[in-house]
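# Architecture and fold: a report
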Amino acid sequence: MKAVGARLPRYDGLAHVTGRTQYVADWSAPGMLACKPLRSPHHSARIVSIDTSRAEAHPGVRAVVTHKDIPKNTVGHLEALGVPADEPYFADGEVRYKGQLIAGVAAVDEATAMEAVELIDVVYELREPFLDIRKALDRDAPQLTDKGNIFFYDPYDHRKVTKGDVDAAFEKADVIVKGAYRPSAIEQAPIEPQGCLAVPESDGRLTVYTCTQAMYFTMGVLAEHLGRTPGSIKLVGGTVGGGFGGKVDSATEPCAALLALKARKPVRWIFTREEEMLCGSVRASWHVEMADAISKDGWLLGRKVLTLHDAGAYTRFSSYGATKHSFHLAGAYTVPALRTRAYVIWSNHVPTTAMRGFGVTSASFAIEMQMTRGAAVLGMDPWEYRLKNANRPGDLMPTRKALEDPSTIDTIQACATAVGHPLSATYAEMKNEERAGEWLPEHLLDQAADAKLGDPQGAAR
Amino acid sequence: MHLTVNGVAEEVRADPLTSLLRVLREELHITSPKAGCEQGGCGSCTVLVDGEPRRSCLTPLIAVEGCDITTLEGLSNGVELAPIQQAFYDLYASQCGFCSPGMMMASTALLSEHPNASREQIMEALEGHICRCTGYVKIIAAVESVANGSAAGGTNGAVASGGSR
Amino acid sequence: MTAPPELLTPTSPAEAAAVFGDGEGVTVMGGGTILLPELTYGKLRPTRVLVLGRAGMSGLERADGSVRIGAGTPVGELDGAPEPLVTAAKHVADVEIRAVGTIGGNLCATAGASAPRGDLQAPLLALGARITSVGAGGETTEDITAFLEHGTGRLVLSLEVPDGQAFGYARLDRPHTHHYTMLAVTAVRGADGVRVAASGVGARSQRLAGVESALAGGATAAEAAERAGEGLDLPTDALASSWYRGQMLPLLVQRALGQLG
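What follows covers the sheet that holds strand β12 (residues 267-270) of chain A. All names here are of chain A. Spatially, β3-β5-β1-β12-β9-β10-β11 is the arrangement adopted by the seven strands of the open sheet, whose pairing is mixed. Two strands close off the open sheet at either side, each with one partner strand: β3 (61-65) and β11 (233-236). Going across the sheet, the axis of each strand differs from the next one's by a mean of 25 degrees, ignoring polarity. In the sheet, β3 pairs with strand β5 (residues 101-107) via four bridges, with the strands oriented antiparallel. In the sheet register, Val65 faces β5, and the bridge partner there is Gly104. Together, β10 (206-210) and β11 form the strand contacts of helix α5 (residues 215-226), whose direction differs from that of β11 by roughly 145 degrees.

Now for the interface of chain A and chain B. Chain A puts 34 residues into the contact, and the matching count from chain B is 39 residues. Between chain A and chain B, the buried area comes to about 2,800 Å², and carbon and sulfur atoms account for 55% of it. Contact with chain B buries area across many residues of chain A, yet Leu14, Val17 and Ile191 of chain A alone supply 26% of it, more than any other trio. Along the contact surface separating chain A from chain B lie four salt bridges. Its salt-bridge partner being Lys34 of chain B, residue Asp26 of chain A comes within 2.7 Å of it at the nearest N-O pair. Class assignment of the residues belonging to the side of chain A that touches chain B gives a composition of 14 nonpolar, nine polar and eleven charged.

Before going further, it helps to examine the packing of aromatic side chains. Residue and element names in this part refer to chain A. Under the defined criterion, the tally for this structure stands at ten aromatic pairs over all chains. For the ring pair Tyr89 and Phe90, a centre distance of 5.0 Å and an interplane angle of 85 degrees mean the geometry is edge-to-face. Accessibility classification places Tyr89 together with Phe90 in one group, the buried group. Between Trp269 and Phe271, the ring centres sit 5.6 Å apart and the planes meet at 45 degrees, which makes this aromatic pair tilted. Members of the aromatic cluster, joined through ring pairs, are Phe151, Tyr153 and Trp346. The ring of Phe170 has Lys304 sitting right over it, with the charged end atom 4.4 Å from the ring centre.

Another aspect to go through is the pairing of strand β2 (residues 26-29) of chain C. Sheet analysis places β2 of chain C next to strand β3 (residues 48-51) of chain C, joined by four bridges and oriented parallel. Note that in β3 of chain C the partner of Thr27 of chain C across the bridge is Val49 of chain C.

All names here are of chain B. A contiguous patch of negative charge, built from Asp50, Glu52, Asp68 and Glu113, is present on the exposed surface. Counting through the fold element by element, Asp50 comes out in the loop between β3 (46-49) and β4 (52-55). Taking the relative accessible area as the measure of exposure, Asp50 reaches 49% and is therefore partly exposed.

All names here are of chain C. Among the secondary structure elements, Thr102 is positioned in the loop between α4 (95-98) and α5 (103-108). A distance of 2.9 Å separates a polar atom in the side chain of Thr102 from the backbone nitrogen of Gly105. Discounting chain neighbours no more than four positions away, the residues touching Thr102 are Gly30, Gly31, Ala71, Gly72, Thr73, Pro74 and Val75.

Facing the 28 residues of chain B at the interface are 25 residues of chain C. Buried area between chain B and chain C, both sides added, is near 2,000 Å², and the carbon and sulfur share of it is 60%. Area buried by chain B at its contact with chain C is led by Leu17, Leu58 and Glu127 of chain B, which between them contribute 32% of it. Counting every contact that joins chain B to chain C gives three salt bridges. Two residues, Arg98 of chain C and Glu124 of chain B, come together in a salt bridge whose shortest N-O distance is 3.7 Å. At the boundary of chain B and chain C, one finds seven residue pairs in polar contact (both at pLDDT 80 or more). Elements with a contribution of two residues or more to the side of chain B that touches chain C: β4 and α4 (119-125) of chain B. Counted by class, the side of chain B that touches chain C contains twelve nonpolar, eight polar and eight charged residues.

The next thing to look at is helix α8 (residues 318-327) of chain A. Residues and elements named next belong to chain A. With seven of ten residues buried, α8 is to be regarded as a mostly interior element. Among all positions in α8, only Ser318, Ser319, Gly321, Ala322, Thr323, His325 and Ser326 are buried. On its buried face, α8 is in contact with β7 (159-163), β14 (286-294), β15 (300-312), β16 (337-346), β17 (352-353) and α9 (360-378).

Now for the pattern of salt bridges. Under the counting rule described, the total for this entry stands at 38 salt bridges over all chains. A salt bridge links Glu94 of chain A to Arg127 of chain A, with the nearest nitrogen and oxygen atoms 2.7 Å apart. Taken together, the residues Glu94 of chain A in strand β4 (residues 94-95) and Arg127 of chain A in the loop between β6 (121-126) and β7 connect sequence positions 33 residues apart. Taking the relative accessible area as the measure of exposure, Glu94 of chain A reaches 18% and is therefore buried. When the shortest N-O distance is used, the salt bridge between Lys43 of chain C and Glu274 of chain A registers 2.6 Å. Of the two residues, Lys43 of chain C sits in the loop between α2 (35-40) and β3 while Glu274 of chain A sits in helix α7 (residues 273-278), which places them in two different chains.

What follows covers the environment of Leu440 of chain A. Tracing the backbone shows Leu440 of chain A in the segment after α12 (425-428). Contact partners of Leu440 of chain A, with chain neighbours within four places excluded, come to Arg435 and Leu445 of chain A.

Leu85, Leu107, Leu120 and Leu124 of chain C are the most contacted members of the largest nonpolar core, which totals 56 residues. Contact partners of Leu85 of chain C, with chain neighbours within four places excluded, come to Ile69, Leu78, Ile103, Leu120, Pro123, Leu124 and Leu127 of chain C. Within the second largest apolar cluster, 41 residues are counted, among which are Val175, Ile294, Ala390 and Met430 of chain A.

This brings us to the pairing of strand β1 (residues 33-39) of chain A. All names here are of chain A. Buried residues dominate β1, accounting for seven of its seven residues. Bridging between β1 and β12 involves two bridges; their strand directions are parallel. Note that in β12 the partner of Leu33 across the bridge is Val267.

Residues and elements named next belong to chain A. On inspection of all chains with the given rule, the structure shows eight cavities of 30 Å³ or more. Here the largest cavity defines a volume of roughly 420 Å³. Around the largest cavity sit 31 residues that line it, and Glu87, Tyr89, Asp249, Ala251 and Arg316 are the ones nearest its centre. Grouping the amino acids of the lining of the largest cavity by side-chain chemistry returns 15 nonpolar, eleven polar and five charged.

Okay, the packing of helix α2 (residues 83-90) of chain B against helix α5 (residues 137-147) of chain B next. Residues and elements named next belong to chain B. Contact geometry of α2 with α5 gives a least axis separation of 9 Å together with a crossing angle of 135 degrees. The pairing of α2 with α5 is recorded here as oblique in orientation. Where α2 crosses over α5, the two elements pack in a sense that is right-handed. The segment α2 lies against α5, with Pro83, Ile84, Ala87 and Phe88 engaging Ile139, Ala142, Val143, Ser145 and Val146. Residue classes in the contact of α2 with α5 are distributed as eight nonpolar, one polar and no charged.

The rules behind each value
- For every chain, the first residue of the written sequence is number 1, and numbering continues from 1 onward in sequence order.
- For naming, the first written chain is A and the first written ligand is 1, with later ones following in the order written.
- A pLDDT threshold of at least 70 governs which residues receive local features in this predicted model, and a stricter bar of 80 or more applies before side-chain atom pairs are shown or counted, although totals over entire chains, interfaces and linings include all residues.
- Hydrogen atoms and water are omitted, and side-chain values are computed over all heavy atoms in the structure.
- We call two strands paired when DSSP finds no fewer than two bridges between them.
- Helix and strand labels come from DSSP, where a helix needs a run of H or I of at least four residues and a strand needs a run of E of at least two; each type is numbered from the N terminus.
- Axes here refer to lines fitted to C-alpha atoms; in helices the fit is confined to the stretch in contact. Angles between the N-to-C directions go from 0 to 180 degrees.
- By definition, residues are in contact when any of their heavy atoms lie within 4.5 Å.
- Buried area: the accessible area, evaluated with a 1.4 Å probe, that two parts lose upon being put together, summed over both parts.
- Throughout this description, the term salt bridge denotes a Lys or Arg side-chain nitrogen within 4 Å of a carboxyl oxygen of Asp or Glu.
- Residue polarity follows a fixed list, in which Ala, Val, Leu, Ile, Met, Phe, Trp, Tyr, Cys and Pro are nonpolar, Asp, Glu, Lys and Arg are charged, and the others, Gly among them, are polar.
- Note on aromatic pairs: the rings of Phe, Tyr and Trp (six-membered ring only in Trp) are paired at centre separations within 6.5 Å, and the planes decide the class, stacked below 30 degrees, edge-to-face beyond 60, tilted for the rest.
- Each residue gets one of three labels from its accessible area relative to the maximum for its type: buried under 20%, exposed over 50%, partly exposed in between, using a 1.4 Å probe on protein chains only.
- Two limits define a charge over a ring: the Lys NZ or Arg CZ must be within 6 Å of the ring centre, and within 35 degrees of the ring normal.
- Think of a patch as exposed residues, more than 30% relative accessible area, with no salt bridge, where like charges cluster within 9 Å and nonpolar side chains (Val, Leu, Ile, Met, Phe, Trp, Tyr) cluster within 5 Å.
- Accessibility throughout is a Shrake-Rupley quantity obtained with a 1.4 Å probe, and a residue counts as covered only by protein chains that appear here.
- The charge count treats Lys and Arg as positive and Asp and Glu as negative. His and the chain ends do not count.
- Where a charge lies is defined by one atom per residue type: Lys uses NZ, Arg uses CZ, Asp uses CG and Glu uses CD.
- Here a polar contact means two N or O atoms within 3.5 Å. Within protein one must be a hydrogen donor candidate and the other an acceptor candidate, and residues neighboring in sequence count only if both atoms are side-chain atoms.
- Definition used in this section: a nonpolar core is a set of buried Ala, Val, Leu, Ile, Met, Phe, Trp, Tyr and Cys residues joined via side-chain atoms within 4.5 Å.
- With a 1 Å grid laid over protein atoms only, a set of points is called a cavity when a 1.4 Å probe fits there but cannot get out and a pocket when it is open yet has protein on both sides within 12 Å along at least five of seven lines; lining residues have an atom within 4 Å of a point.
- Grid points are joined across faces, edges and corners, and a volume is the space filled by probe spheres set on the points.
- Should an angle fall under 35 degrees it is called roughly parallel, over 145 degrees roughly antiparallel, and 65 to 115 degrees roughly perpendicular, with every other angle called oblique.
- Working rule for handedness: look at the near helix, and if it is turned counterclockwise from the far one by less than a right angle, call the crossing left-handed; if clockwise, right-handed.

This is how it looks when you write it as structure tokens:
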């Protein structure tokens, strides 16, 4: 146990400071070709035809691939978690976002590949894009799928969490605080753009140098797209120049691999900064409406939340993110009655994905703003309002799981000390213990008793 | 075209308008300068041209004909580290490491002209360098430690006990 | 693959002017900070590139009441030029880019895809710089306002900036980043009145005609500032919205005029 508590150098520290760390773009292979993509210039359009013949004939081009070349175009990344596959790797018949991948070109160098991309002829039939998720239920909103624009969380069209009797809480409340919070999309923007180098081996196997954050995950996705066994693929990676969730989508590996197999040469595809910013997946934008029911002495009695999550053109991991979001809508505080509804909505934006604290940062933002607002309306110190309602051992989460060792009280007290914010004696001396005495109001007497559930069908969920 | 790179005379064949970054990485296989944006906006491509810090992604080959180019690989033999390298290593100024070469090269240029650079001078020299991982605090601290003489120094301290190669 | 461009590498301003000719089909490269990304990304495939790096067009010369600046002078080497040009130049990008980006390139910069470029056009407009350029019709020297109005297509050799004028300069910045100018106002009191110009108000920097006219008519700074947006179509871009620029411009105008004294 000599490592615990010891100050150890980073195992990759020496390589980092001598410039010897190998990132994906630092690998090269003899005869390596450069890949450049053809991307949709339109938010939403039907593809009438794709003609790659002029590109294929361009001097220096070694291979061109489209949806016709990929053994399995639509692979569900989270099928194991019940998220159905809905995204084609190469556009097939339509494009649903500006920047969507339509074709890939491998050529002797990047300049040639870029010229050839311009020689691919695509005929589009433009469609009106759907870009404002607040209009998801409008009858005349453009529909992304034949089942509409809302992801189906069987058997509901939203993720719901219901706990306690929210209507009673709002009737009892002395103060109701409402807010709408709209954190916008955020690009992970690692300094290293994503990419890979696919090398076809002489024994028929495939080696892929990749910057993915999720090696086995990418290996599985790649194997499925290529119709190969995972055992026929070797991934080399693990060195990521910043990911933050933006390098889990296996965006470049399938195309580069297909081109490498077709051209029988190594193919490298590294995103430009522009691609990273415009076409790489982002943290979603959210619309969170929150209403808090509060008693005049500062107890948070109940909360109602309506969330709209912009999944972009395809689901990817959004249904998972919105689920995580929903479970966290009480935040670090105990809210005895809670009713939340989260809708995952498809739009003609770039598909959204994970980014640090996936699904939860939007919840935290809304919650903390609400707590500060609540305190302001009550005329209470915002630190003390938070401490009063802080999670304690034995309190129930929105999902009714009992908390064993929450650290809200200790954390808030430590922060107050660190910034020199004075707390009144009661709050400064508050202990992180099970509710008792003044910290056990009547409405929290027995959190476990299901006095009344808000949704008669909710019990089993 | 003739260049000297890390003390080695090179004859490069790339077109005269090829960026120095691509010449270094693709033709000479010197990969510490990085293509973070290739627009001059992130600083990860920074190298020294005749001792001055330059964005190699914005520098056409023709502009540096006959010049002395220094990259991170040229700061030391990789075993006995330069002070800035030792400081980055000791003070954890690198996380993913991608911005580090550019940070160290810009810092090297600053410290050669202002060996006792102030915090303000350090921040100004690194103004155009973006890091998405560290939050900059440890990077500034590492450069400061060299500037104010509190750094361990750069001779044989490269691999602390327990560190790996 | 497209053939690489023909390179023209003059070693004197006269030679540069001669090879530039009327500019037809010539792409000019000063420091390369704007041009290189366009080449790397395949957005520009020039056939002839005029490389000015060794054309001896850099440097400052003091004359009577003015400073002559070579168009090839890096933006980071303008110490000694009239203010607020030097102050404005210190805000251009960062130290590494200022070391190579030229004042000529900045003057002639076209609008970028995401933000206007040419941060120094406004101080030069307000200072009443005179631009010496070559191109179709030979060499001319003219007021910068006229030069910018007739668009691109000429090769700038030098700029002459009057010295010793009272000035005011106010700008908006995002903290801790370097970026093209979001919004900046320069006010300069010259022999023929006060000239006021702003960057970040469109594809090119503009003189604020409403403000100048108000001042010429005896208005106070506050009154003149109210006319700041006259004739402008403020952009929404990666840096700021049109609305925000509209709110801030009068404040910056007032501040700049306040410094004039």
